Amino acid sequence: MAIKVIVVGTGGIARRHGEALVENENAEIIGAVDVDAAKMEAYAAKHGGKSYASLSKCLSDVDAIYVLTPPSFRRQYAIEAIEAGKHVFCEKPLAIEPEDGKTIAEAAQKKGVIAMTGFNQRYRTGYGRLKDIVASGELGEVYHFWCHRFGMGAGGNGQVRLDNWRTNADLCCGMTIESLSHDIDLMRWILDDEAVTVTGYVHSTVVDLPDFDNSAQVLIKMKKGTSAVINAS
Ligand SMILES: NC(=O)c1ccc[n+]([C@@H]2O[C@H](COP(=O)([O-])OP(=O)(O)OC[C@H]3O[C@@H](n4cnc5c(N)ncnc54)[C@H](O)[C@@H]3O)[C@@H](O)[C@H]2O)c1
């Protein structure tokens, strides 16, 4: 029987998930929730199901929800679904505050439901090969992990958009949390290790957005001894 899914947040990435879910015979989109009614209705018309004014109006009919909103709204939806015994897929980053992410993870463990964060880079062939090579010992001991990310998704295909949640410090916290979450996840996953100390420097160079960090240099020491540098701009 197909897993019944509600999609919360029907913007850019929801289109990708929608296409994948429609093709998956084990899943069925039964509806969409969004604060933007026109987007939500168009999404439901294209990918299936109905549009709902709130999650509470459809939660009893579903097995799982996809939370594809800006990260600052993740916790409220995830917790509502988990408490109702539903599985939750959240886009990255899971949250904008560590406490929110921890609350989601602990609630899912307590309730015995699955909570997954969409770190899709883990499914890229190249990163998978790198992880296998590191695990095989072929490279010997990894003393240093080095990661560069250039070009940020700031809501405008490379252009910084002033009216997008990605540049709103209250909603997202800028590039450090929005883009670097991919690199931090890959580092932990490939090295099979956890950070013990982190230090870094963050720049805000957009005059009209003094609180928006668009460049970061981060130095991390991992538990097993590897040092890591993430340079993102
Ligand atoms: N894994 C990846 O490679 C990848 C790629 C793109 C985006 N993302 C992540 O997906 C998330 C969404 O990004 P996007 O590009 O789709 O953004 P977007 O702005 O295109 O879409 C966000 C949607 O959420 C809706 N929304 C906003 N506040 C809401 C609320 N309180 N309740 C319900 N809906 C609300 C908006 O109306 C909009 O339709 C972000 O966390 C982003 O980091 C991940």
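Here is what the cut-offs are and how they apply
- Residues numbered from 1 in each chain as written.
- Predicted model: local features only at pLDDT ≥ 70, side-chain atom pairs only at ≥ 80, totals over all residues.
- Heavy atoms only, no water.
- Axes fitted to C-alpha atoms, helices over the stretch in contact; angles between N-to-C directions.
- Helix = DSSP H or I, 4+ residues; strand = E, 2+ residues; numbered from the N terminus.
- Contact = heavy atoms within 4.5 Å.
- Nonpolar A, V, L, I, M, F, W, Y, C, P; charged D, E, K, R; others polar.
- Near = heavy atom within 4 Å.
- Polar contact = N/O pair within 3.5 Å; in protein donor to acceptor, adjacent residues only side chain to side chain.
- Areas by Shrake-Rupley, 256 points an atom, 1.4 Å probe, with all protein chains shown as cover.
- Domains from an automatic or database assignment.
- Buried area = accessible area lost by both parts, 1.4 Å probe.
- Salt bridge = Lys/Arg side-chain N within 4 Å of Asp/Glu carboxyl O.
- Buried < 20%, exposed > 50% of the residue type's maximum accessible area, 1.4 Å probe, protein only.
- Parallel < 35°, antiparallel > 145°, perpendicular 65-115°, else oblique.
- 1 Å grid on protein atoms, 1.4 Å probe; cavity = no way out; pocket = protein on both sides within 12 Å on 5 of 7 lines; lining within 4 Å.
- Points joined across faces, edges and corners; volume = space filled by probe spheres on them.
- Pairing = 2+ DSSP bridges.

*Asks:* An account of the packing of helix α5 (residues 125-136) against helix α7 (residues 180-191) is requested, with residue identities and associated values reported.
*Replies:* Running from amino to carboxyl end, α5 crosses α7 at an angle of 35°, the nearest separation of the two axes being 8 Å. Along the contact surface, α5 presents Tyr-127, Gly-128, Leu-130, Lys-131 and Val-134, while α7 presents Leu-186, Trp-189 and Ile-190. In terms of residue class, the contact of α5 with α7 is made up of six nonpolar, one polar and one charged.

*Asks:* Kindly report on the site of the ligand, identifying the contributing residues and their values.
*Replies:* The local shell around the ligand holds 25 residues, among which Gly-12, Asp-34, Tyr-77, Trp-165 and Glu-178 are the closest. In the environment of the ligand, a nitrogen atom lies 2.6 Å from a nitrogen or oxygen atom belonging to the side chain of Tyr-77. At 3.0 Å, a side-chain N or O of Asn-120 approaches a nitrogen atom of the ligand. Isolated, the ligand exposes 850 Å² of accessible area, and the fraction of that covered by the protein chains is 84%. Of all the elements in the fold, those that place two or more residues in the shell around the ligand are α1 (12-23) and α3 (74-83). Residue composition of the shell around the ligand, grouped by class: nine nonpolar, eight polar and eight charged.

*Asks:* Describe the domain arrangement of the protein chain, and please don't skip the residues or the numbers.
*Replies:* Where the parts come together, the accessible area they lose is often given as the size of the interface. For the protein chain, the domain assignment lists domain 1 (3-118) and domain 2 (126-232). Placing the centre of domain 1 and that of domain 2 at their C-alpha centroids yields a distance of 25 Å. The partner domain 2 presents eight residues to the eight residues of domain 1 that form the contact. Of the roughly 720 Å² buried between domain 1 and domain 2, counting both surfaces, carbon and sulfur atoms make up 67%. Together, Lys-92, Pro-93 and Ile-96 form the three largest contributors to the area buried by domain 1 at its contact with domain 2, with a combined 58%. Counting across the domain 1 and domain 2 interface gives one salt bridge. Put simply, Lys-92 and Glu-178 hold a salt bridge, and the shortest N to O gap is 3.5 Å. Viewed at the interface, domain 2 and domain 1 are joined by two residue pairs in polar contact (both at pLDDT 80 or more). Here the residues of the side of domain 1 that touches domain 2 are counted per class, giving six nonpolar, one polar and one charged.

*Asks:* Can you tell me about unusual backbone geometry, naming the residues and giving the values?
*Replies:* Cis geometry marks the peptide bond from Lys-92 to Pro-93, where omega comes out at -20°. Mapped onto the secondary structure, Pro-93 falls in the loop between β5 (87-91) and α4 (98-111). In the Ramachandran plot, Asp-192 falls in the positive-phi region, its phi being about 50° despite a non-glycine side chain. By relative accessible area, which is 53% here, Asp-192 ends up exposed.

*Asks:* Can you tell me about the packing of α3 against α4, naming the residues and giving the values?
*Replies:* Running from amino to carboxyl end, α3 crosses α4 at an angle of 10°, the nearest separation of the two axes being 10 Å. The angle between the axes of α3 and α4 places the two elements in the roughly parallel class. The residues of α4 that touch α3, namely those facing Arg-75, Ala-78, Ile-79, Ile-82 and Glu-83, are Glu-99, Asp-100, Thr-103, Ile-104, Ala-107, Ala-108 and Lys-111. Grouping the amino acids of the contact of α3 with α4 by side-chain chemistry returns six nonpolar, one polar and five charged.

*Asks:* Tell me about the layout of surface pockets, residues and numbers included.
*Replies:* In this structure, the largest pocket spans a volume of roughly 1,200 Å³. What lines the largest pocket is a set of 38 residues, among which Gly-12, Ile-13, Leu-68, Trp-165 and Arg-166 lie closest to the centre. Only α1 and α3 provide two or more residues apiece to the lining of the largest pocket. By residue number, the principal contributor to the lining of the largest pocket is α1, which donates six residues. For the lining of the largest pocket, the per-class residue count stands at twelve nonpolar, 14 polar and twelve charged.

*Asks:* Help me get a handle on the sheet that holds strand β2 (residues 27-33), residues and values and all.
*Replies:* Overall, parallel pairing links the six strands, which are arranged β3-β2-β1-β4-β5-β6 in an open sheet. With partners counted over all chains shown, the strands left at the sheet margins are β3 (50-52) and β6 (115-118), one partner each. Along the sheet, successive strands turn relative to each other by an average axial angle of 25°, direction set aside. Looking at chain direction, strand β4 (residues 64-67) and β5 are connected through four bridges and run parallel. Residue Tyr-66 lies in a different strand from β5, and its bridge partner there is Phe-89. The sheet contacts of α3 involve β1 (3-8), β4 and β5, and relative to β5 the element is tilted by about 165°.

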